[in-house]
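Structural overview for review
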Amino acid sequence: MLTVENLVVNYGYINALRGISFEVRQGEIITLIGANGAGKTTTLMSISNLIKKESGSITFKDQDITKTPSHKIVKMGMCHVPEGRKIFPELTVYENMIAGTFGNKALSKDRINGLLEEQFQLFPRLKERRNQAGGTLSGGEQQMLAISRGLMMDPDIMMLDEPSLGLAPIVVEEIFELILKIRGNGKTILLIEQNASMALSIADRGYVLENGLVTLAGSGQELLRNENVKKAYLGA
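Below is a short write-up of the structure.

So, how was this worked out
- Residues numbered from 1 in each chain as written.
- Predicted model: local features only at pLDDT ≥ 70, side-chain atom pairs only at ≥ 80, totals over all residues.
- Heavy atoms only, no water.
- Helix = DSSP H or I, 4+ residues; strand = E, 2+ residues; numbered from the N terminus.
- Buried < 20%, exposed > 50% of the residue type's maximum accessible area, 1.4 Å probe, protein only.
- Contact = heavy atoms within 4.5 Å.
- Pairing = 2+ DSSP bridges.
- Axes fitted to C-alpha atoms, helices over the stretch in contact; angles between N-to-C directions.
- Core = buried A, V, L, I, M, F, W, Y, C linked by side-chain atoms within 4.5 Å.
- Phe/Tyr/Trp six-rings, centres within 6.5 Å; stacked < 30°, edge-to-face > 60°.

Structural notes on the side chain of Thr 101
- Inspection of the secondary structure puts Thr 101 in the loop between α3 (93-99) and α4 (109-122).
- Residue class for Thr 101 comes out buried when judged on its relative accessible area of 7%.
- Dropping the residues within four chain positions of it, Thr 101 is found in contact with Leu 107, Ile 112, Met 152 and Met 153.

See the structure below:
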């Protein structure tokens, strides 16, 4: 579904990505793990064409999107849930969710209503708080709202950037259970995550980023057992 080849991104004299390549197949959960500054967020922003690429190519659903404007990439069925949630704090939960549909003009009123019901089943707390301002929610609830807003555009692939950031351990577990449910509903997921243990435990495959390079790749379970990964990212 998504192929990244030899992607290079520079921030001035800093080489943020130094020729990374990876692929995401339909129905998979793929995770990119690595330390702060490894290039994880830069990778997602490059795919969404939010930052300039020096070289390399990105293919989505057999179409070259390397130079495609961000809003057109969204319309093709790609959702990017950014780090830090970025919900609209003054809007209600319901209004935030409806805002997610703006990325897909093909949605009918009936389909939007159906998507709302799907989200309320997946996130019952959002249903309880549908008329509350987004900014009054807890951190975990705001993360759920950010993911739900993305799902409201009915994407083919979701790119999630650090969904567990700043959340209590019990809420982190809930978020990862939700990610598995979302995949179970037919979505493909590219997950960027510093909580390597949790990410690899639910991922079909993973890639390790170090200083802008992919240094290791394998199934989630293989990487969990890898001694170098254990020492560097799992505290073992």
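The discussion continues.
Considering unusual backbone geometry
- Positioned with a positive phi, Asn 6 is a non-glycine residue whose angle comes to about 50°.
- Here Asn 6 shows up in strand β1 (residues 2-11).
- We classify Asn 6 as partly exposed; its relative accessible area is 48%.
- Its identity as a non-glycine residue notwithstanding, Asn 49 has a phi of 60°, on the positive side.
- With respect to the helices, strands and loops of the structure, Asn 49 is situated in the loop between α1 (40-47) and β4 (55-60).
- For Asn 49, a relative accessible area of 23% gives the class partly exposed.

So, the sheet that holds β1
- Strand order in this open sheet of four strands is β2-β1-β4-β5, and the pairing throughout is antiparallel. In this open sheet, the two edge strands, each paired with only one partner strand, are β2 (14-24) and β5 (63-64).
- Pairing analysis gives five bridges linking β1 to β4, with the strands arranged antiparallel. Across the sheet, Thr 3 pairs through a bridge with Thr 59, a residue of β4.
- Contacting β1, β2 and β4, α1 crosses the sheet at an angle of about 70° to β2.

Let's talk about the nonpolar core
- In this structure, Phe 123, Ile 147, Met 158, Leu 160, Ile 175, Ile 179 and Leu 191 are the most contacted members of the largest nonpolar core, which totals 45 residues.
- A per-element tally of this core places helix α7 (residues 169-184) first, with seven residues.
- Those residues within four positions of Ile 147 in sequence are excluded, and the remaining contacts are Val 81, Phe 123, Met 158, Leu 160, Ile 175 and Ile 182.
- With 27 residues, the next largest nonpolar core counts Leu 7, Ala 38, Ile 47 and Tyr 207 among its residues.

Observations concerning the sheet that holds strand β8 (residues 188-192)
- The strand order across the open sheet built from six strands is β6-β7-β8-β3-β9-β10, with neighbouring strands paired in mixed fashion. Either end of the sheet is taken by a strand with one partner, and the two such strands are β6 (78-81) and β10 (213-219). Averaged over neighbouring strand pairs, the angle between their axes works out to 15° when direction is ignored.
- Inspection of the sheet shows strand β7 (residues 157-161) paired to β8 by five bridges, in the parallel sense. When the bridges of β8 are listed, Asp 161 appears paired with Ile 192.

Looking at the packing of aromatic side chains
- Following the criterion strictly, the structure yields one aromatic pair and no others.
- Relative to Tyr 207, the ring of Phe 22 lies with its centre 5.5 Å away and its plane at 50°, an arrangement referred to as tilted. A residue pair is termed long-range when its members are at least 10 positions apart, and Phe 22 in strand β2 and Tyr 207 in strand β9 (residues 205-210) qualify at 185 residues.
- What makes Tyr 207 buried here is its relative accessible area of 8%.

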